[in-house]
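Spelled out, the chains give:
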Amino acid sequence: MYVRTAKIPEFKKTFAYTLDERILFVDNHKNEFRESLQVYGSMVKEIAADQYYWVNRTIGRSVDYKVCFNGDTRHKEEMECMKECGWIGIFLWIDEDTQKLRRPEMTESERNHFSEWSITAEDCDMTIDSTKSLSTALMELADYLSAGPVMHRVELHADSTRD
């Protein structure tokens, strides 16, 4: 399969760049990376013949930590697997107009990519309303987490409302 994507800017692979510099580079070139990363993520799962490939990697990296956050689970079956392993699913509700303001670089096609909306609030344990103040949202999250077990594995999934 051949997939045509936007040209990725040159960035020498070297350890001379700090982590902050690498993150800044990716942030500055989100438009060029987004489609390629969506294709890469899907193809790796296909090649590995494992729909839980990314979930297994996340869970494997988290076992030594009491509190973990992951903000990039994309599919319902991955959320279900993570919840079976003790993770808490938190859905960040963002209305479509706010999402367009926050992410103006995303095209309509990118906003409608299956991986952007396959998880819904019903698939999660808690929903945070993005229209609330940050302090209110954090207090709700703290209240929810403090009522649960000592060890938390938290999955955050943001999405806008779909008609």
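Look up a bit, the structure's there.
Quick look at the structure, then. (Residues numbered from 1 in each chain as written. Predicted model: local features only at pLDDT ≥ 70, side-chain atom pairs only at ≥ 80, totals over all residues. Heavy atoms only, no water.)

For the structure shown, the criterion picks out 5 salt bridges. Across the pair Lys76 and Asp123 runs a salt bridge whose closest N-O atoms are separated by 3.6 Å. Of this pair, Lys76 sits in helix 4 (residues 76-84) while Asp123 sits in the loop between helix 7 (114-117) and strand 3 (126-129), and the two are 47 residues apart along the sequence. Owing to a relative accessible area of 14%, Asp123 belongs among the buried residues under this scheme. One salt bridge connects Lys132 with Glu140, and the closest N-O pair in it is separated by 2.6 Å. (Salt bridge = Lys/Arg side-chain N within 4 Å of Asp/Glu carboxyl O. Helix = DSSP H or I, 4+ residues; strand = E, 2+ residues; numbered from the N terminus. Buried < 20%, exposed > 50% of the residue type's maximum accessible area, 1.4 Å probe, protein only.)

What follows concerns helix 8 (residues 134-146). Here helix 8 spans 18 Å end to end across 13 residues, near enough to the 18 Å set by a 1.5 Å rise per residue. Inspection of helix 8 places Ala137, Leu141 and Leu145 among the buried residues, and these make up the whole buried set. All buried residues of helix 8 project into a common sector of 65° when viewed along the axis, lining one side. Facing away from the buried side of helix 8 by over 90 degrees, the exposed positions are Met139 and Ser146. (Expected span 1.5 Å × (residues − 1). Arc of directions from axis to C-beta.)

Glancing now at the side chain of Lys45. Within the secondary structure layout, Lys45 lies in helix 2 (residues 30-48). Excluding residues within four positions of it along the chain, Lys45 makes contact with Asp50, Gln51, Tyr53, Trp54, His75, Glu77 and Glu78. (Contact = heavy atoms within 4.5 Å.)

Next up on the list: the pairing of strand 2 (residues 87-94). Taken across its 8 residues, strand 2 has 6 buried, putting it largely inside the fold. Pairing of strand 2 with strand 3, which is carried by 4 bridges, proceeds in the parallel orientation. Counterpart to Leu92 in the pairing with strand 3 is Ile128. (Pairing = 2+ DSSP bridges.)

The subject of this paragraph is the nonpolar core. Judged by nonpolar contacts, Ile88, Ile90, Met126, Ile128, Ala137, Leu141 and Leu145 together constitute the single largest core of 7 residues. Elements supplying a minimum of two residues to this core: strand 2, strand 3 and helix 8. Top element by residues in this core is helix 8. It accounts for 3 residues. What Leu141 contacts, discounting residues up to four positions off in sequence, is Ile90, Met126 and Ile128. By size, the runner-up hydrophobic cluster in this structure holds 6 residues, among which are Ile59, Cys81, Met82 and Trp87. (Core = buried A, V, L, I, M, F, W, Y, C linked by side-chain atoms within 4.5 Å.)

Now for the layout of surface pockets. Reported here for the largest pocket is a volume of approximately 1400 Å³. If you go around the largest pocket, you meet 49 residues; those closest to its centre are Arg34, Gly71, Asp72, Thr73 and Arg74. Here the lining of the largest pocket takes 10 residues from helix 2, the largest share from any one element. Grouping the amino acids of the lining of the largest pocket by side-chain chemistry returns 19 nonpolar, 15 polar and 15 charged. (1 Å grid on protein atoms, 1.4 Å probe; cavity = no way out; pocket = protein on both sides within 12 Å on 5 of 7 lines; lining within 4 Å. Points joined across faces, edges and corners; volume = space filled by probe spheres on them. Nonpolar A, V, L, I, M, F, W, Y, C, P; charged D, E, K, R; others polar.)

Let's shift gears to helix 4. Within helix 4, the full set of buried residues consists of Glu78, Met79, Cys81 and Met82. The buried residues of helix 4 occupy an angular sector of 160° when the element is viewed end-on, so they sit on one face. The positive-phi residue at the C-terminal boundary of helix 4 is Gly86, with phi of around 100°.

Any functional reading would require information beyond the geometric quantities listed.
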